[in-house]
Amino acid sequence: MRIVFYLLILSVLVFIGCNNSNHPVVYSFVRKNVQREIIDLDYQLLNVQDVFICSDNIVFFDNKSDTLFYCLDLVDFKCIKRFGVIGKGPNEFIYPVIDAMGSFNDSIYVTDKYKVKYLNYEGMLHDEYSILPFKLMPVNNLKILNDSTYMVSSISQKDSNRSLFLVNSKKRSFEEYGRLPEIMNPVMSSDSYNSEILTNNITVNQKTNQVAVLYSYLPVLQVYSGEKVNEKTLYSYEKQVLLNFYGKRKDYNSIYSYYTDIDSNERYIIGLYIGRKIGELKKMRETDIMCYLHVWDWDGNPLCEIPINSAISHIVIDENDNVYMVNPFIAENLYKLSLSNLN
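Draft legend 1. Seen up close, the overall build of the chain. For the chain, the helix and strand inventory stands at 4 helices and 27 strands. The buried share of the chain, reckoned over its 343 residues, is 52%. In the chain, of all internal contacts separated by at least 6 residues, the share reaching a separation of at least 24 is 48%. Split by element, the accessible area of the chain, about 17,300 Å² in all, is 49% carbon and sulfur.

Listed below in structure tokens is the structure:
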């Protein structure tokens, strides 16, 4: 009888702990094998730095090619147009910011240094552009919520804590939308390594205006729905490993690289997971790297982990739940798999 009583007390404590909003929910993934398709491209990508969907096309940003942007038809995967070169003239870019580009209503948006430039479907620049508030520099991510409001991931200069901001491009104003969880609040120094450690990936649900944040060097997923934040953490995380790093440049290569990319559609959030030490990645060959695709719904619930038997650098998902993946070492191929049968 006493044993039953103690078990009942333990169950209540566990229940309280799991429902304590001050602590993230810990979870693990169920692994599923999903067959992938290999698509041969009609040209070789040199150094893909970003990928996004625009209408029925997949767009690659390749900063080593003569032309910066390549658009492939999602039906036959042929290159239908190329646009953009480095320069200061019309339809040219000075410093396109990686991960701070995308599309909305068949228009393409590219953050070029301090400006968000608008391009039409043919890749031609409009005369109009938005100047991001200087207080948000440097910007490391930008997603379009609508034609006048952007979600920006940045470092606020006023208190040196990383935050998410909504930017009204027409009024040139911004407001804080959210902050990193408690585990990410230690004071940053001016060391660029610390800034890199705090890098995060954001994606938006343009139908519901939800925002998902997935931290590069922390297995933490946050889903913002208005004022409510649903935060979840992978089972393998030991936060002291990261917190002890601050100010210790020599320990940089011992930090684990978790998530390198994120994307979403109206149903799924997907993250590209590696889980290897940064120092190991520098010495690895293509055959040594095992990547995983982690999939959540927009309630933050983990759906599955899909092994990818190859090195992958970028992922993107279309409205039909097809995921496209780029291998940085074999750049003439594109991988495709479908999430339509997960539920």
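More follows now that the structure is in view.
Draft legend 2. Region of interest: the pattern of salt bridges. Counted according to the given criterion, the structure contains 3 salt bridges. A salt bridge links Lys117 to Asp112; its shortest N-O distance comes to 2.8 Å. There is no split in this pair, since Lys117 and Asp112 are both buried. In this structure, Arg267 engages Asp321 in a salt bridge whose closest nitrogen and oxygen atoms are separated by 3.0 Å. Of this pair, Arg267 sits in the loop between strand 21 (256-264) and strand 22 (269-277) while Asp321 sits in the loop between strand 25 (314-317) and strand 26 (322-326), placing them 54 residues apart in sequence. For Arg267, a relative accessible area of 38% corresponds to the partly exposed category. Residue classification places Asp321 among the buried positions, given a relative accessible area of 8%.

Draft legend 3. Region of the structure containing unusual backbone geometry. For Phe77, which is not glycine, the phi torsion reads 60 degrees and is therefore positive. Take Phe77: it is sitting in the loop between strand 5 (69-73) and strand 6 (79-83). Not every positive phi belongs to a glycine, and Asp321 is a case in point at roughly 70 degrees.

Draft legend 4. Spatial organisation of the sheet that holds strand 9 (residues 96-104). In spatial order, the strands read 9-10-11-12; together these 4 strands make up an open sheet with antiparallel pairing. Because the sheet does not close on itself, it has two edges, and the strands there are strand 9 and strand 12 (125-131). Here the average twist between neighbouring strands, direction ignored, is 25 degrees. As defined by bridge partners, strand 10 (residues 107-112) adjoins strand 11 (residues 115-119) across 5 bridges and the pair is classed as antiparallel. If you follow Val110 over to strand 11, its bridge partner there is Lys117.

Draft legend 5. How the structure looks around the side chain of His314. Within the secondary structure layout, His314 lies in strand 25. At 3.0 Å, the side chain of His314 and the side chain of Ser313 are in polar contact. The contact partners of His314, leaving out residues within four places of it in the chain, are Val48, Gln49, Asp50, Val51, Asp261, Leu272, Tyr324, Met325 and Val326.

Draft legend 6. The packing of aromatic side chains, seen in detail. Using the criterion set out here, one finds 11 aromatic pairs in the structure. The structure contains a cluster of three or more aromatic residues connected by ring pairs, namely Phe29, Tyr258, Tyr259, Tyr273, Tyr292 and Trp296. Residue placement shows Arg36 over the ring face of Tyr335; its charged tip is 4.2 Å from the ring centre.

Draft legend 7. Structural detail: the nonpolar core. Judged by nonpolar contacts, the single largest core of 21 residues is most densely connected at Val295 and Leu339. Those elements giving two or more residues to this core turn out to be strand 22, strand 23 (291-296), strand 24 (302-308), strand 25, strand 26 and strand 27 (333-338). Once you skip the residues sitting within four places of it in the chain, Val295 turns out to touch Phe29, Tyr268, Ile269, Ile270, Asn301, Pro302, Leu303, Cys304, Ile306, Leu339 and Leu342. Core analysis: the next-biggest nonpolar cluster, separate from the first, contains 18 residues, Leu45, Ile53, Leu74 and Tyr324 among them.

Draft legend 8. Spotlight on the pairing of strand 25. Side chains His314 and Val316 project from strand 25 onto one buried face, and the interleaved Ile315 and Ile317 project onto a second face that is buried too. One ladder, built from 4 bridges, connects strand 25 with strand 26; its direction is antiparallel. Within strand 26, the residue paired with Ile315 across the bridge is Met325. Count of turn residues in the strand 25/strand 26 antiparallel hairpin: 4 residues, of which Asp321 carries a positive phi of about 70 degrees.

Draft legend 9. Seen up close, the side chain of Ser103. Tracing the chain through its elements places Ser103 in strand 9. Look past the residues within four positions of Ser103 in its chain and what remains in contact with it is Phe52, Ile53, Cys54, Ile108, Tyr109, Ile144 and Gln206.

Draft legend 10. Local environment of the sheet that holds strand 26. Strand order in this open sheet of 4 strands is 2-27-26-25, and the pairing throughout is antiparallel. Two strands in the sheet have a free side with no partner beyond their single neighbour: strand 2 (37-40) and strand 25. Neighbour to neighbour, the strand axes of the sheet diverge by 25 degrees on average, direction disregarded. Relative to strand 27, strand 26 runs antiparallel, the two being bridged by 5 bridges. Bridging across to strand 27, Tyr324 finds its partner in Lys336.

Draft legend 11. How the structure looks around the environment of Pro138. With respect to the element layout, Pro138 can be found in the loop between strand 12 and strand 13 (139-144). Looking at Pro138, the relative accessible area reads 51%, which means it is exposed. Distance in space between the C-alpha atoms of Pro138 and Lys113 is 9.0 Å, their sequence separation being 25 residues.

Procedures and definitions
- Residues numbered from 1 in each chain as written.
- Predicted model: local features only at pLDDT ≥ 70, side-chain atom pairs only at ≥ 80, totals over all residues.
- Heavy atoms only, no water.
- Helix = DSSP H or I, 4+ residues; strand = E, 2+ residues; numbered from the N terminus.
- Buried < 20%, exposed > 50% of the residue type's maximum accessible area, 1.4 Å probe, protein only.
- Contact = heavy atoms within 4.5 Å.
- Areas by Shrake-Rupley, 256 points an atom, 1.4 Å probe, with all protein chains shown as cover.
- Salt bridge = Lys/Arg side-chain N within 4 Å of Asp/Glu carboxyl O.
- Pairing = 2+ DSSP bridges.
- Axes fitted to C-alpha atoms, helices over the stretch in contact; angles between N-to-C directions.
- Polar contact = N/O pair within 3.5 Å; in protein donor to acceptor, adjacent residues only side chain to side chain.
- Phe/Tyr/Trp six-rings, centres within 6.5 Å; stacked < 30°, edge-to-face > 60°.
- Lys NZ or Arg CZ within 6 Å of the ring centre and 35° of its normal.
- Core = buried A, V, L, I, M, F, W, Y, C linked by side-chain atoms within 4.5 Å.

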